[in-house]
Each structure stands twice: as C-alpha cells, then as structure tokens.
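# Structural overview
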Amino acid sequence: MPYSELLVKPMREELTSAGVEELRTAADVDRFMSEQEGTALLVVNSVCGCAAGMARPGVRLALTEGPRPDRVATVFAGQDLEATARARGYLPDIPPSSPSIALFKDGELVQFIPRHRIEGRSAQDVAGDLVQAFQASRPAAAAHESAAPAAS
Amino acid sequence: MGTFHQGKHALHGITVVVDTVGPEVAVGRCDDIDEAQVILHDADVHRAGDGGPSKEEWVARAAGYGVWPKHRRLVLPRESVASIRPLGEI
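Treat the numbers as computed from the prediction; the structure is a model and nothing was measured.

The next subject is the overall build of chain A. Counting secondary structure elements, chain A contains six helices and five strands. When the helices and strands of chain A are read in sequence order from the N terminus, they spell out α-β-α-β-α-β-α-β-β-α-α. Here chain A holds 152 residues, and 43% of them are scored as buried. When contacts within chain A are restricted to residue pairs at least 6 apart in sequence, those whose partners lie at least 24 apart make up 78%.

Below, the structure written as structure tokens:
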C-alpha cells in the first residue's frame, strides 16, 4: 500500500529539485524510453531509508560532479505502481530492486546498480560509481576532449 | 530521512545471504533476526546439489543483480543458520 503523499513528497523533491524528471504513468515511462539516442539515467526511487536515503543524495552528487547524462528520470516504487512496473519492463532480465539505478546508452542498458550495491554505502560512494559510469558512457570524442590538456 | 526499524536487528532492511548448515542458501531482505529465527522478505532459496550450481556459484550470480523474489516472507530456524552476511559485501 502506498505511503502518504505528504511523507514521500520530500523524497520526490530530493530528485526533482536536481532536474530529474518524474515519470508518474506508464505513458511517461514509454515516452522517456522511446527516445533512444544518447544516455539516459533512470532512478527507481523508494521510501526505504536504508538504501534510498543514500541513493538520492548519491544521484544528486553525481549529477553535479560528473558529465550529466542526456536525460535523467525517476519512478517511485511502491507509490507510482503503474510507472514502476512499466519501467521494470524495460529491464526484463533483472530482478525488481528498489532503490536502483539504471544507465542506458542508445537504448541499451550499460550499468545497473541494484539495491544491495547501495545499502551500507555512503552517498559519495554511490556518486563515485555513477560518475564512473557516466564517464564510461560518453561518446569517445567528448571523453577525449575533456581529457586533452588545455591549449596554450 | 530516517529509517523505520525501531526494535529490529541491525541488519533490518539489508539484503543478506543466509547460509545454512544444510544444502540450502537464501538471499533476501532481512526483516529481523533473533535467538529463534531469521526472517527474510522477498527472498529466494537455492538448494545445492543435484547437478545444479554450488552454493558459491548461486550466491556469486545473486551478487550481480539480486534474486527474483520467490518468497514474500521466509522464516529460517536460527539453529539451521551457519552464517549471515550482506550480499553487497560479496
């Protein structure tokens, strides 16, 4: 049974205030996933304090520190049931996990961080994994550009 | 943002591997542990042998993306439990 909206509102806002688009319906998820070009980060948010309490700040940190994915969105497990079920449909071989974080490149899953890889870790640790994944998923030219020394 | 586990074991909410003294090993989200039992939520159990994967192989696979929940609530008698450790540490 979903928690009170009053309780989850700050948990939603922790991500939306960082520019993460919230997907509330299956149609929202389909629209987000139908655009395949580039990189897309999908965060499965959750009420669970044990892991989501680190996942949300980890995502926020990563979005400010790393090369930002082209599109970033979230569904809320246990709250927006239809949207979450549809999002999981795009990860058919992966057991349901919330919170969890999926990174897609050109429509292909390139990184998945399940709940048990978030539990017991700090937001900085989670952000570190994400920044690494963001960097690895960048087009080669962009990665080379940022690695090149500044012209004198 | 606090957690909601007043009065529960320190591993409450953590995904754990519960190895037993027998051929079974389980992975699930720990609800509670006391002197009598270990309670897991959204768990799966593997029974080693019969030509299937060993306990270690099954746990290594689970450490990748987790397990498909086959038991909404699984209760394991404490005396059958050999070890409990977070799946994230594997």
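With that settled, consider the packing of helix α1 (residues 5-16) of chain A against helix α3 (residues 49-65) of chain A. Residues and elements named next belong to chain A. Two elements in contact, α1 and α3, have axes separated by 9 Å at closest approach and are oriented at 20°. Relative to α3, the element α1 lies roughly parallel. The handedness of the crossing between α1 and α3 is left-handed. Side by side, α1 and α3 meet where Met11, Glu14 and Leu15 of the first sit next to Arg56, Val59 and Arg60 of the second. For the contact of α1 with α3, the per-class residue count stands at three nonpolar, no polar and three charged.

With that settled, consider α1(A). Note on helix geometry: an α-helix contains 3.6 residues per turn, so any two residues three or four positions apart are oriented the same way. Residue and element names in this part refer to chain A. Those residues of α1 that sit buried are Met11, Glu14 and Leu15. Buried residues in α1, looked at end-on, bunch into an arc of 100°, giving them a common side. Looking at α1, the residues exposed on the side facing more than 90 degrees away from the buried face are Glu5, Leu6, Lys9, Pro10 and Thr16. On its buried side, α1 packs onto β2 (39-45), α3 and β3 (71-76).

Quick look at the sheet that holds strand β3 (residues 37-47) of chain B now. Residues and elements named next belong to chain B. Reading across the sheet, the five strands line up as β4-β3-β2-β1-β5 and stay open at both edges, with antiparallel pairing between neighbours. Looking at the sheet topology across the chains shown, the edges are occupied by β4 (71-77) and β5 (81-86). Neighbour-to-neighbour, the strand axes of the sheet open up by a mean angle of 40°, direction not taken into account. Where strand β1 (residues 15-20) and β5 come together, five bridges link them in antiparallel fashion.

Taken as a whole, helix α4 (residues 81-89) of chain A has its buried residues at Ala83(A), Thr84(A), Arg86(A), Ala87(A) and Arg88(A). Among the structural elements, α2 (26-34), β2 and β3 of chain A are those in contact with the buried residues of α4(A).

All right, on to the interface of chain A and chain B then. Contacts between the two partners involve 15 residues from chain A and, on the opposite side, 14 residues from chain B. Considering each element in turn, the side of chain A that touches chain B owes the most residues, three residues, to α3(A). Taken together, the residues of the side of chain A that touches chain B break down into seven nonpolar, five polar and three charged.

Quick notes on the rules
- The residue count restarts for each chain, going from 1 along the sequence in the order it is written.
- All chains are assigned letters beginning with A, and all ligands numbers beginning with 1, in the order in which they are written.
- Owing to the predicted nature of the model, reporting of local features is limited to residues with pLDDT of at least 70; listing and counting of side-chain atom pairs is limited to 80 or more, with chain, interface and lining totals taken over all residues.
- Helix numbering and strand numbering both begin at the N terminus, where a helix is a DSSP run of H or I of at least 4 residues and a strand a DSSP run of E of at least 2.
- Partly exposed residues are those falling between the two cut-offs: more than 12 but fewer than 20 other C-beta atoms within 10 Å of their own, whereas 20 or more means buried and 12 or fewer means exposed, with C-beta atoms placed from the backbone.
- The contact criterion used here is simple: two residues whose C-beta atoms, placed from the backbone, lie within 7 Å are in contact.
- Note on geometry: axes are C-alpha line fits, over the in-contact stretch for helices, and angles between N-to-C directions span 0 to 180 degrees.
- Throughout, the term roughly parallel applies to angles under 35 degrees, roughly antiparallel to angles over 145, roughly perpendicular to angles from 65 to 115, and oblique to all others.
- Here is the rule for handedness: rotate from the far helix to the near one, and if that takes an anticlockwise turn smaller than a right angle the crossing is left-handed, while a clockwise turn gives right-handed.
- Charged residues are taken to be Asp, Glu, Lys and Arg, nonpolar residues to be Ala, Val, Leu, Ile, Met, Phe, Trp, Tyr, Cys and Pro, and polar residues to be all remaining types, Gly included.
- The arc under discussion is defined with respect to the helix axis, by the directions toward the C-beta atoms.
- Here, strands pair whenever DSSP counts at least two bridges between them.

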